Amino acid sequence: MAQPEAVIDSAAPEMSTIYIMGKRYEVPKGLTIMRALEYSGYRLVRGAGCRGGFCGACGTVFRTQGDYRLKVGLACQTVVEEGMHLTQIPFYPANKALYNLEELKPNLATLVQLYPELPRCVGCNTCTKACPQGLDVMDYMAKAMRGDIAKVAGISFDCIMCGLCASRCPAEEVQYNVAILARRLYSRYIAPPAGHLAERVREIEGRKYDQELDRMANMSIDELKELYNTRDIES
Amino acid sequence: MYTDEMRASIRKVEETRARRLEEKHPRLAPEEKDALLKGFHPDYREDTQRPVRVGPSAGDRMPHEMVDLLEARSLIDAGHVPLDAPEYDVDVLVIGGGGAGASAALTAHEIGAEVLLVTKLRLGDANTMMAQGGIQAADKPNDSPVIHYLDVIGGGGFTNRPELVRALTNDAPLVIKWLEDLGCMFSKEADGTMQTIHGGGTSRKRMHFARDYTGAEIMRTLRDEMRNRCIPVIEFCPALELVLDDEGKCAGAVLKNMETQEGMVVRAKTTILATGGFGRLHVSGFPTSNHYGATADGLVMAYRAGARLVFLDATQFHPTGVAFPEQMLGQLVTEKVRGIGAQLVNAEGEQFVFPLETRDAVSSAIIRECQERKKGFATVTGQPGVWLDSPMIELIHGPGTVKAQLPAMFRQYERFGIDMSVDPILIYPTLHYQNGGVEIDEFGQSSQIPNLYIAGEAAGGIHGRNRLMGNSLLDILVFGRRAGRHAAERVAGIRVGKPSLDHIKDFDEELEGAGLGKACSPMLLPDYVGR
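Parameters and conventions
- Residues numbered from 1 in each chain as written.
- Chains lettered and ligands numbered in written order.
- Predicted model: local features only at pLDDT ≥ 70, side-chain atom pairs only at ≥ 80, totals over all residues.
- Heavy atoms only, no water.
- Pairing = 2+ DSSP bridges.
- Helix = DSSP H or I, 4+ residues; strand = E, 2+ residues; numbered from the N terminus.
- Phe/Tyr/Trp six-rings, centres within 6.5 Å; stacked < 30°, edge-to-face > 60°.
- Lys NZ or Arg CZ within 6 Å of the ring centre and 35° of its normal.
- Axes fitted to C-alpha atoms, helices over the stretch in contact; angles between N-to-C directions.
- Parallel < 35°, antiparallel > 145°, perpendicular 65-115°, else oblique.
- Left-handed = near helix turned anticlockwise from the far one by under 90°.
- Contact = heavy atoms within 4.5 Å.
- Nonpolar A, V, L, I, M, F, W, Y, C, P; charged D, E, K, R; others polar.
- Patch = residues over 30% accessible without salt bridge, like charges linked within 9 Å, V, L, I, M, F, W, Y side chains within 5 Å.
- Areas by Shrake-Rupley, 256 points an atom, 1.4 Å probe, with all protein chains shown as cover.
- Salt bridge = Lys/Arg side-chain N within 4 Å of Asp/Glu carboxyl O.
- Lys, Arg positive; Asp, Glu negative; His and termini not counted.
- Charge placed at Lys NZ, Arg CZ, Asp CG, Glu CD.

A. Representation of the sheet that holds strand S19 (residues 437-439) of chain B within the structure. All names here are of chain B. Spatially, S13-S19-S21 is the arrangement adopted by the three strands of the open sheet, whose pairing is mixed. Each having just a single partner strand, strand S13 (309-310) and strand S21 (459-460) make up the two edges of the open sheet. Inspection of the sheet shows S13 paired to S19 by two bridges, in the antiparallel sense. Its bridge partner lying in S19, valine 310 is registered against glycine 437.

B. Representation of the packing of aromatic side chains. Under the counting rule described, the total for this entry stands at ten aromatic pairs over all chains. Aromatic pair phenylalanine 286 of chain B and phenylalanine 317 of chain B: ring centres 4.4 Å apart, planes at 50°, arrangement tilted. Here phenylalanine 286 of chain B is found in the loop between strand S12 (263-273) and helix H9 (297-304), whereas its partner phenylalanine 317 of chain B is found in strand S14 (residues 315-322), with 31 residues between them in sequence. Among the aromatic residues, ring-to-ring pairing joins Tyr2, Phe324, Phe377 and Trp387 of chain B into one connected group. When the ring centre of phenylalanine 157 of chain A is taken as origin, the NZ or CZ atom of arginine 220 of chain B, which lies over that ring, is 4.9 Å away. Across from the ring centre of tyrosine 433 of chain B, 4.0 Å away, lies the NZ or CZ of arginine 467 of chain B, which sits over that ring.

C. Spatial organisation of the packing of helix H2 (residues 30-40) of chain B against helix H11 (residues 359-371) of chain B. All names here are of chain B. Two elements in contact, H2 and H11, have axes whose closest approach is 9 Å; the angle formed by their N-to-C orientations is 60°. By the criterion of interaxial angle, the relationship of H2 to H11 is oblique. Along this stretch, H2 crosses H11, giving a crossing that reads as left-handed. In contact with Lys33, Leu36, Leu37 and Phe40 of H2, H11 contributes Asp360, Ala361, Ser364, Ala365, Ile367 and Arg368. Residues that form the contact of H2 with H11 fall into these classes: six nonpolar, one polar and three charged.

D. Seen up close, a negative patch on the surface. A surface patch of like charges, here negative, comprises Asp506, Glu509, Glu510 and Glu512 of chain B. Counting through the fold element by element, glutamate 512 of chain B comes out in helix H16 (residues 502-513).

E. Molecular detail of the side chain of glutamine 445 of chain B. Within the secondary structure layout, glutamine 445 of chain B lies in the loop between S19 and strand S20 (452-454). Setting aside its immediate chain neighbours within four residues, glutamine 445 of chain B contacts Glu439, Ile440, Leu452, Tyr453, His486 and Arg490 of chain B.

If you want it as structure tokens, here you go:
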């Protein structure tokens, strides 16, 4: 019934040797780590989510042949290499501050109060090297330490909160949680609210469109079709 | 990354680009569109669907893969579940941890109800997270919920339930305001004006977005708020069946901890099903853009409990799924790529459809171009596709626009060695959305089962036979909020009767009588092991 998303060429594909948690498997070349795990017989419960690089469920730490360094990436976006050693880290028990956004001020004091470890950053750039999204994590942490919340929000925007930055940080920062705090503070307090939106909300709460909507809801399909096919379209 | 054959076709696309910049492909006349859909949309083919033989919607046609699950037995032994000793006893049980579930839980919690959210994977693991393009709401001065209403119902082929469309379009600006207040980072002008663009089938530019991580930004904001308010969440713990009481009202659910395999019973005054759709059933063998968990579990549960399913014969294929490279097959190329200027062209470099027709029409046109007209490009694995001419975006809006406006898309292609701001990308329709679902009213209540609510993709009728881009992120929030509010406001007056799973026994007997029920469902996770 269900079909895998990547069709594997059945005519004897070229194989790679990989090591999943130290155990050797042969998998077709070109598979992502996630597909290689499944091909090897793993039924993923943790460690698989959107399968498209958006959700951060499939953080993986690995080492490639002939290299002593540990690397990290998303299992759904990283292609296996010959001799790769890997293990998934689908959960990372990092600290998340609890707060009521309505009681906060968008400034440095808020960031430091909620994440007191923030000034401990040593600027080693390990987080940036770890980020599977290619974000300049160290840069936004530097901006956070100066209280530049708008910059943190902008630079960190593409964060998928996989936690790989925190997993490698020697200063035990929780970069991705600092980033979402900054984005929420920026959007709530620094970016101006949309005037046209507030106005439309007032109209709807004043039931301005109720009558016209009722009329629409009771129209015959022919009347609706006529209206639809002759509607003007903004260019 | 592109092969020599692909390069040769790309040169033809490049040769016609200057001319196409000036060229406007005509829109389909209503009768042309009709003929196109009937000829090429998978829903209209004889071999893709069959009528379900048991249950409240018996006789209705649905995809084979869905019918297989509905004609299967329960995973639980209904006679041996300790219903009288529930592990949890709450006001509102929310099943599902995507945008619909989270907005329902937050809203019910705001009102003061005791809420428990349970979910199969993690909180936030859902299609919501993957929705890149945007969310519709008529909040600009040249627009109104009435104009939005007409677009929705026309896009749905005039089959939508009017009261649901009315709720959707009138609440739309309210949910955008709710998100703005929660600190959701919409793309705005310097003065706070929302940036909005067209989507397929819209008559006004009402597509709001957060760069191209719109769904992710909404989901991570809602998830952060859930955590801040300490609303209880149990992850990796899907529901297997709904529990009814002796009056046939929904009274909670039976869950299974997927990590320990232990069963668990939750007693609840009201239950909100927000379990999503059926993308991972790979209907008709199509690749899918959907999340790992999109296996229609909620539909199966609700159906066994007596809820009707509507519009399940209408499947949405997103016209632009990735056809190359193989590692990204089926993943979505957001409609925003067409929204900001990229045209669809065949292997000869010719346009063949206006790029912003409704999704069903664009998908059908691509299938026709490849199957009937033989003007698609087939990759080495035989996967057909047509070109989406993304470099046009840079010519129209200036260099760097692709990377700035579509960072997620750009990054994903870049990982596999393709620069979509320089080269076009090969696409083919992908299984994207379940238009139908469990029948609901304008508060999200099941039309058949009291105290059961359904929100999000699991619900049916809002979009009729075809949903427009940007109305799914909208509907999960509108109906998540409505269901959460209604469910929470009613708990004071609800007395739960004696819990029962007799409906499971009855359904299993009905299956046996029809010679069905060989397999078990819900599926919970698709089976990719060993492949």
